[in-house]
Amino acid sequence: MNILSVTAEIFPLVKTGGLADVAGSLPKALAAHGIHTRSLVPGYPSVMRALTGVSPITHYDHLFGEGATLLAGQTDGLDLLVLDAPGFFDRQGGPYTDNHGKDYPDNWKRFAAFSFVAAQVAEHGVGDWRPDIIHAHDWHPALSLVYLKFSSNAGIPRVLTVHNLAFQGQFPALRFTELGLPDGAYSIEGLEYYGDLGYLKGGLQAADAITVVSPTYAREIMSPTFGMGLEGVMNARHDDVTGIVNGIDTEVWNPSSDPNIEHHFSTRAPLRRLPNRQKLLDLFGLSNTSGPVFAAVNRLTWQKGMDLLADVVDEIVKGGGKLIVHGQGDAAIEDAFIEVARRFPHSVSVEIGYDERLAHQIHAGADAMLVPSRFEPCGLTQLYALRYGCVPIVARTGGLSETIIDANDAALHAQVATGIQFSPVDTNELRLALRRAFRLFRRRRVWESLRRQGMRTDCSWHRSAAQYAELYGKVLTPDIRLAG
Ligand code: ADP
Ligand code: GLC
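Sequence positions are assigned chain by chain, starting from 1 and proceeding in written order. Naming scheme: in the order in which they are written, chains are lettered from A and ligands are numbered from 1. Local features in this predicted model are restricted to residues of pLDDT 70 or higher, and side-chain atom pairs are both shown and tallied only at a pLDDT of 80 or more, whereas totals for entire chains, interfaces and linings draw on every residue. Derived side-chain values reflect all non-hydrogen atoms in the structure, with water molecules and hydrogen atoms excluded from consideration.

In the annotation of an unreviewed UniProt entry, the protein is listed under the name Glycogen synthase and assigned to Sinorhizobium mexicanum. Quoted verbatim from the Catalytic activity (unreviewed entry) heading of the UniProt record, the comment on the protein is "[(1->4)-alpha-D-glucosyl](n) + ADP-alpha-D-glucose = [(1->4)-alpha-D-glucosyl](n+1) + ADP + H(+)". UniProt positions are given in the numbering used here, feature names are shortened, and annotations may be inferred rather than shown by experiment. We quote the UniProt Sequence similarities (unreviewed entry) comment for the protein here in full: "Belongs to the glycosyltransferase 1 family. Bacterial/plant glycogen synthase subfamily."

> Hey, could you run me through the nonpolar core in this one?
Generally speaking, nonpolar side chains in soluble globular proteins are found buried as a group. Formed by 88 residues in total, the largest nonpolar core has its most connected members in Phe294, Leu323, Phe337 and Ile362. By definition, any uninterrupted DSSP run of H or I lasting at least four residues is a helix, any uninterrupted run of E lasting at least two residues is a strand, and each is numbered from the N terminus. If you tally residues by element for this core, the top one is helix α18 (residues 427-442), at 7 residues. Residue ranges assigned to the domains are those given by an automatic or database domain assignment. Residue-level mapping places this core at the junction of two domains, with at least three residues from each of domain 1 (2-247 + 462-476) and domain 2 (270-456). Throughout, a residue-residue contact means that at least one pair of heavy atoms, one from each residue, lies within 4.5 Å. Residue contacts for Phe294: discarding those within four places in its chain leaves Ile316, Lys322, Leu323, Ile324, Ala368, Leu370, Ile393, Leu434, Ala437 and Phe438. Residues belong to one nonpolar core when they are buried, are Ala, Val, Leu, Ile, Met, Phe, Trp, Tyr or Cys, and are joined through side-chain atoms within 4.5 Å. Buried, partly exposed and exposed residues are distinguished by accessible area as a fraction of the type maximum, computed with a 1.4 Å probe on protein chains only: under 20%, between the cut-offs, and over 50%, respectively. If you look at the next biggest cluster of nonpolar residues, it comprises 79 residues, including Ala23, Ala68, Leu78 and Leu83.

> What exactly am I supposed to notice about unusual backbone geometry here?
Residues apart from glycine generally show negative phi values, whereas peptide bonds are mostly found in trans. Here the bond from Phe11 into Pro12 is cis, since omega is 5 degrees, no more than 30 degrees from zero. Checked against the element boundaries, Pro12 lands in the loop between β1 (2-6) and α1 (18-31). Geometrically, the link from Ser423 to Pro424 is a cis peptide bond, its omega value of -5 degrees lying close to zero. Positioned with a positive phi, Asp138 is a non-glycine residue whose angle comes to about 65 degrees. One can find Asp138 in the loop between β6 (133-137) and α5 (143-149). Using a relative accessible area of 7% as the deciding quantity, one classes Asp138 as buried. Here the phi dihedral of Met228 falls at roughly 55 degrees; this positive angle occurs in a residue that is not glycine. If you trace the backbone, Met228 turns up in the loop between α8 (224-227) and α9 (231-236). Met228 sits in the partly exposed class, given a relative accessible area of 28%.

> Before we go on, may I ask you to explain the site of ligand 2 in this structure?
The rule for a residue being near a molecule or strand is that one of its heavy atoms must lie within 4 Å of it. The immediate surroundings of ligand 2 are formed by 14 residues, with His163, Asn246, Glu376, Cys378 and Gly379 found nearest. We define a polar contact as two N or O atoms separated by no more than 3.5 Å, with the added condition that, inside protein, one atom must be a possible hydrogen donor and the other a possible acceptor, whereas residues neighbouring each other in sequence contribute only through side-chain atom pairs. At 3.3 Å from an oxygen atom of ligand 2 is found a side-chain nitrogen or oxygen belonging to Asn164. Surface burial for ligand 2 is 93%, taken as the share of its 310 Å² of free accessible area covered by protein chains. If you tally residues by element for the shell around ligand 2, the top one is α1, at 3 residues. Amino acid classes used here: Ala, Val, Leu, Ile, Met, Phe, Trp, Tyr, Cys and Pro are nonpolar; Asp, Glu, Lys and Arg are charged; the rest, including Gly, are polar. Of the residues in the shell around ligand 2, the class split is 6 nonpolar, 6 polar and 2 charged. The Shrake-Rupley method, run with a 1.4 Å probe sphere, supplies the accessible areas, and residue values consider only the shown protein chains as cover.

> Even after reading the chapter, I still don't get the side chain of Thr301, so can you show me in this structure?
One can find Thr301 in the loop between β13 (293-300) and α11 (306-311). Judged by relative accessible area, Thr301 falls into the buried class, the value being 13%. With sequence-adjacent residues up to four places away left out, Thr301 is seen in contact with Met306, Asp307, Asp330 and Ile333.

> Got a minute to help me understand the pairing of strand β7 (residues 158-162) in this structure?
If a strand is regular, its side chains alternate between the two faces of the sheet. Most of β7 sits out of view: 5 of its 5 residues are buried. Only when DSSP finds a minimum of two bridges between them are two strands counted as paired. Across 4 bridges, the pairing between β6 and β7 is parallel. What sits directly across from Ala136, in β7, is Leu160. Here β7 pairs with strand β11 (residues 209-212) via 4 bridges, running parallel. Its bridge partner lying in β11, Val159 is registered against Ala209.

Okay, here's the thing in structure tokens:
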């Protein structure tokens, strides 16, 4: 089976978050099911630099006003199709924003062009290669499904994965005439979204199957609290929505061979982890402690509840713990962390920025990873934490609630607990979760058991790739789809 995966990010070439990790690792896991994935990505500078074995496929003189070439190439075990459109993608800033964090004003056009080409590849293939299914990720390529739905050629089945419903690709309706779609596409069944254009909304309506990145999130988004305005569409498409938990790349995140960390360790030799803790404290200018070293590696945003964490730092200091924070995001939250680090210089250290290597080192050295998200479709940091023996303390929401087993009495007794969950997500409950962590940390054998269970947890793509393979099978066989 051939899959055309369409994504605006792919690890290790371009990444702002978990989307990249998933788009980069799922193809490798699907290969074990006899599924060949080609990933279509925008030709950002980092992608163009990494590409090898490049061959041009199609040239567009005038793709939404820009010259563009579709290229085929490889890198890091990924089979890529790249839309080389310098006018759209060869820019100084990030994939979606300029150097000041402002959305590019022509995002509507950049991702319409990207989606248009994706739809062309889905319809006509590339050379001898024909995809059986198009699988688009998030809002950026969602319009490709709309182009296909409104094409005269019925085409191949369309799958859309929503990684985060908070990002929707909403643009002024007046752009509609420039998209080259028939009038009927601007409707409730199409792109119309509260009087605007909704790229994700259009994709949700045009998809044959929709997946989101955990079963809990699949339930949550049926309500206004988590549906972010799309709960009506999600309810209407309810029967076609499946939640599949993300896996992780267990090669990239392997504590026994990770080139980013100095002291390798494994479930069988967990004590070898200890020197990483000391190294981490040194790196962040903190002295050693008999208390727990808490960490957060995250986007510093409201979604991630990082403002709540900044508000309860005194709880960590009071208990004799340390806190290490690495991330970037909202200026106000960045400032709040800089301020607490100034107030508690012996207990809190903060590194604003984005550094993949540092992320690995923190997971390998800290005792506990804090993920106090207000909502979390799946979350990957808690999975990396499990694998690296860093006990996750998570909000009970979305994928966090189903990937971590809370250290309640029954779970501890049965030796299946892997972390701490708290709910509702507010400072009060976060404080109580920290207190629980202190208590458990003092019971050394209990903490070691949590750590060990976490490291033993299978976070690989093993089960989830099988679920994607099954879903692909269903969309290819509509009879089964109708029956089940
Ligand atoms: P989201 O995609 O919502 O940001 P996930 O937990 O799914 O959340 O994925 C986040 C990914 O980004 C993880 O791979 C995490 O390690 C990485 N990450 C987040 N912040 C940073 C940072 N400041 N430096 C390095 N990696 C980061
Ligand atoms: C999104 C979500 C996150 C998820 C990631 C990968 O960015 O916020 O929860 O893990 O996508 O699916």
